[in-house]
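Each chain is listed here by its residues.
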Amino acid sequence: MIEIIKLLLINILCINFFGFILSILIPAKNERAISKLSLILTGFIALHILILILLYIFDSFKSYSIYLFSLYRDMNYSFQVALIWDTTTIVFLFVGSIITLLIMYFSSYYMHRENGYKRFFNTLLFFYFSYNLIVLSGNFVTLFIGWELLGLSSFLLIAFYRDRYLPVRNAVKVFSVYRIGDMGLIMAIWDLYQLTHDNILFFNINKEDYFLNYFTAYPYVGIGISIGLIVASIGKSAQFPVSYWLPRAMEGPTASSAIFYGSLSVHIGVLLLLRTFFLWKSLWYIRLFVGILGCITYFTANKSAKLQSSIKSQIAYSSISQIGLMYVELSLGLRWLVLVHFISNAFLRTYQLLVSPSVVAYYMRQQVYFSKFIKIQKHFMQLLPTKLFYSLYVIGHNEWNLDYIVNKYLFGTIKKVGRLLKFINERTLLFFVIPLFILSFVGYILKLHFPIAAQKYFSSVFSCISVLLIFRAFAERYRPIFILWLMMMSQLFILISISYNERFSIDLMLLYFSGIFMGFLISIIVLYILKLKESDFFDVNKYYGHIYEHKWLGFIFLIGILSFMGFPITLSFLGEDMILEHIHLNQTLLVFNFSINYILLGITGIKLYARLFLGPHCKRYHEAAIKSA
């Protein structure tokens, strides 16, 4: 039975992935072929899932952990790809297949003759592959691959109308929140590996006493792992205090809003907590924290939902509030209720988003023709004192100012620190930073025998230098090539800091370096070509929209930036994951600097790509949407 299940699960992923590749090869003008291919693929996957459900029932509801292969293996580490088959997998696969099939059919008509029809279906198939990979992931490494792919597909769908200011700006904003969540997941994965020195399977986590001895010996590590997972979940599921990103993600087409932010993508954080429930179940204070967080999110989102002027924003906040209730249910241990709640919420939000244009038209007619028959309904909030009622009204209407608070006190603080580092310029880079890296690298190659205490000191100093460099790159707004150099050197200093922390094979260092260097080389060449073609682009203080005239340059530049970020399709991801395992449990500063570097590197790279290639075109002879569009 397990072999049949394994074959069907592999088929789902392979059909999805190769279907995505095939959709890229279809000419953009052939809308019928693109939509038919997407419908056939999703229908075939839905058929596989139906067969799997029947097998699950026939097999007496047994769960399995399925090992596929190892991408890399050495004496101390194995990069394993594994799947899991259980009730949670079935529920999320079933809901995902039905909703995706409906959205594909709806989009084939809704997006007809839309500029970017093919790009929309390509991105939907890419998203569906990412979603299936996350749902089927049997361990944290496999889940993190899907996690990153989902973040990229979110950015591409929000910025679908890439010639407009707001969609591009909001896409960068959402991607930034996603990266903060990634930091929590990275810290949790690192803590788990250092605790067990093994690739943790979700199948083993479901054994209630699996982590009992570990957490008894290292109680603070258990707290760190749980908080990391919760931070990752909050970022993906738009819980308090980052709830504001979900309404801003509705800038894409209605169909993508329905499948992404109404039904599937927004529940991935809940899936993560479901997968790891038995890991933090025994920590009562963590469960209490999850419950309180869910209650706060429910109250704030519910209030904001009732005061939004946009129907999409109303639906977004309504979905957030229901996910807040799912957190409360999880804290109470009602996992079966969470699955039922997920099914109902996903289908309801998909339906609401798809019919929202018709509902708006209906209410407009009702206001015009039947306004005198509409009775104003009283709400229990009106029983509050007048000043308190109006204060809650204003705060709820302003979405609790969460967007302003996060931008000012988190990203704003990082920008301020970056601006204080103006002494890091081209000269500093050329005469201090690069020579320092060369000296440290030569010392590593020659295997100079420094005292162990000195090596630990070098490791901490180099990691702090990498953080300063990426802070400077994050705040820079004028010189794109200088930003790329800062990104490159920050990555190299992270690499050398970990190598001094624990000596490992030079092959591992070269694997990581090759991914970084290829990303840098591709990106820098594209910028020089763009400089030759366009005289007015060398500034990242505004959006230029060069992808309108240079589509291939934009695509190649994005690939280079993804390699910088350690994206799953690049060598730097494999090297980055393996190098992370060489940071020890008592080296919190080093792993924190590594995570900060990883997060800000991705945000800086995507922001650079968005500024240069997306947004309204800088040339006045092209049509440009108004800034508020």
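This is a predicted model, so every value here is computed, not measured. (Residues numbered from 1 in each chain as written. Predicted model: local features only at pLDDT ≥ 70, side-chain atom pairs only at ≥ 80, totals over all residues. Heavy atoms only, no water.)

For the structure on display, the rule yields 9 salt bridges. For Arg 179, the salt bridge identified is with Asp 182, shortest N-O distance 3.9 Å. Of the two residues, Arg 179 and Asp 182 are both situated in helix H6 (residues 165-196); the distance of 3 residues between them amounts to about one turn of the helix. A residue is classified by how much of its surface remains accessible, and Arg 179, at 1% relative accessible area, is buried. As a salt-bridge pair, Arg 248 and Asp 403 come within 3.0 Å of each other at their nearest N and O atoms. (Salt bridge = Lys/Arg side-chain N within 4 Å of Asp/Glu carboxyl O. Helix = DSSP H or I, 4+ residues; strand = E, 2+ residues; numbered from the N terminus. Buried < 20%, exposed > 50% of the residue type's maximum accessible area, 1.4 Å probe, protein only.)

Here helix H3 (residues 87-110) crosses helix H12 (residues 268-275) at 170°, and the two axes come no closer than 11 Å. Regarding the angle of H3 to H12, the classification is roughly antiparallel. Every pair of crossing elements has a handedness; the one defined by H3 and H12 is left-handed. Listed contacts from H12 to Thr 88, Thr 89 and Phe 92 of H3 are Leu 271, Leu 274 and Arg 275. Its residues assigned to classes, the contact of H3 with H12 shows 3 nonpolar, 2 polar and 1 charged. (Axes fitted to C-alpha atoms, helices over the stretch in contact; angles between N-to-C directions. Parallel < 35°, antiparallel > 145°, perpendicular 65-115°, else oblique. Left-handed = near helix turned anticlockwise from the far one by under 90°. Contact = heavy atoms within 4.5 Å. Nonpolar A, V, L, I, M, F, W, Y, C, P; charged D, E, K, R; others polar.)

The subject of this paragraph is a positive patch on the surface. Taken together, the side chains of Lys 408, Lys 416, Arg 419 and Lys 422 make up a positively charged region of the molecular surface. Tracing the chain through its elements places Lys 416 in helix H18 (residues 402-420). Owing to a relative accessible area of 57%, Lys 416 belongs among the exposed residues under this scheme. (Patch = residues over 30% accessible without salt bridge, like charges linked within 9 Å, V, L, I, M, F, W, Y side chains within 5 Å. Areas by Shrake-Rupley, 256 points an atom, 1.4 Å probe, with all protein chains shown as cover. Lys, Arg positive; Asp, Glu negative; His and termini not counted. Charge placed at Lys NZ, Arg CZ, Asp CG, Glu CD.)

As a further point, take the packing of aromatic side chains. A complete count under the given rule lists 33 aromatic pairs for this structure. With centroids separated by 4.1 Å and ring planes inclined at 15°, the aromatic side chains of Phe 92 and Phe 342 adopt a geometry described as stacked. Of the two residues, Phe 92 sits in helix H3 while Phe 342 sits in helix H16 (residues 335-370), which places them 250 residues apart along the sequence. Considered together, Phe 92 and Phe 342 belong to a single accessibility category, that of buried residues. For the pair Phe 520 and Phe 564, a centre-to-centre distance of 6.3 Å together with 80° between the ring planes defines the contact as edge-to-face. Of this pair, Phe 520 sits in helix H22 (residues 506-533) while Phe 564 sits in helix H23 (residues 551-564), and the two are 44 residues apart along the sequence. Phe 564 carries the same exposure label as Phe 520, and that label is buried. Feature note: the residues Tyr 117, Phe 120, Phe 121, Phe 160 and Tyr 161 constitute an aromatic cluster, connected by ring pairs. For the cation-ring pair, Lys 236 lies above Tyr 178, with the distance from its terminal atom to the ring centre recorded as 4.0 Å. (Phe/Tyr/Trp six-rings, centres within 6.5 Å; stacked < 30°, edge-to-face > 60°. Lys NZ or Arg CZ within 6 Å of the ring centre and 35° of its normal.)

Quick look at the environment of Ile 145 now. The topology assignment puts Ile 145 in helix H5 (residues 140-158). Overall, Ile 145 belongs to the buried group, its relative accessible area being 14%. Linking Ile 145 and Phe 567, residues 422 residues apart in sequence, is a C-alpha distance of 8.2 Å. In this structure, Ile 145 is in contact with Phe 79, Leu 133, Pro 568 and Phe 573, ignoring residues within four places of it in sequence.

Another aspect to go through is empty space enclosed by the protein. Summed over the entire model, instances satisfying the criterion amount to 4 cavities of 30 Å³ or more. Computed from the structure, the largest cavity encloses a volume of approximately 120 Å³. If you list the elements that add at least two residues to the lining of the largest cavity, you get H6, helix H24 (571-580) and helix H25 (588-613). Of the residues forming the lining of the largest cavity, the biggest block, 4 residues, is contributed by H24. When its residues are assigned to classes, the lining of the largest cavity shows 7 nonpolar, no polar and 2 charged. In this structure, the second largest cavity is lined by 11 residues; those nearest its centre are Val 141, Ile 189, Asp 198, Asn 199 and Ile 200. The residue inventory of the lining of the second largest cavity, partitioned by class, reads 7 nonpolar, 1 polar and 3 charged. (1 Å grid on protein atoms, 1.4 Å probe; cavity = no way out; pocket = protein on both sides within 12 Å on 5 of 7 lines; lining within 4 Å. Points joined across faces, edges and corners; volume = space filled by probe spheres on them.)

The end-to-end C-alpha distance of helix H9 (residues 219-237), which contains 19 residues, comes to 27 Å, matching closely the 27 Å that a straight helix rising 1.5 Å per residue would cover. A positive phi of about 55° marks Ala 238, the residue just after H9. (Expected span 1.5 Å × (residues − 1).)

Its location among the elements puts Pro 241 in the loop between H9 and helix H10 (245-248). Discounting chain neighbours no more than four positions away, the residues touching Pro 241 are Leu 402 and Val 406.

Before going further, it helps to spend a moment on the packing of H6 against H9. Contact geometry for H6 and H9: axes closest at 7 Å, N-to-C directions at 155°. Considering their axes alone, H6 and H9 lie roughly antiparallel with respect to each other. Two packed elements cross with a definite hand, and for H6 against H9 that hand is left-handed. Counted together, Val 177, Tyr 178, Ile 180, Gly 181, Asp 182, Gly 184, Leu 185, Ala 188, Asp 191, Leu 192 and Leu 195 of H6 and Val 221, Gly 224, Ile 225, Gly 228, Leu 229, Val 231, Ala 232, Gly 235 and Lys 236 of H9 form the full contact between these two elements. In terms of residue class, the contact of H6 with H9 is built from 12 nonpolar, 5 polar and 3 charged.

What follows covers H25. At 3.6 residues per turn, the α-helix brings residues three or four places apart onto the same side. Taking 1.5 Å per residue as the helical rise, H25 with its 26 residues ought to reach 38 Å, and the 38 Å between its terminal C-alpha atoms agrees with that figure. Summarising burial for H25: 23 of the 26 residues are buried, a large majority. Gly 615 occupies a position one or two residues after H25 and carries a positive phi of about 90°.

Going from Phe 240 to Pro 241, the amide bond is cis rather than trans, its omega being 10°. In this model, Ser 60 sits at a positive phi of 60°, which is unusual for a non-glycine residue. Checked against the element boundaries, Ser 60 lands in the loop between helix H2 (31-58) and strand E1 (64-73). Residue classification places Ser 60 among the exposed positions, given a relative accessible area of 53%. Of note, the phi angle at Arg 113 is positive, near 65°, even though the residue is not glycine. Tracing the chain through its elements places Arg 113 in the loop between H3 and helix H4 (117-136). In this structure Arg 113 comes out as exposed when scored by relative accessible area, which is 72%.

If you look at the biggest cluster of nonpolar residues, it comprises 213 residues, and the most contacted ones within it are Leu 9, Leu 185 and Trp 245. With sequence-adjacent residues up to four places away left out, Trp 245 is seen in contact with Val 174, Val 177, Tyr 178, Gly 235, Lys 236, Ala 238 and Tyr 261. (Core = buried A, V, L, I, M, F, W, Y, C linked by side-chain atoms within 4.5 Å.)

By themselves, these observations are geometric and do not establish any function.
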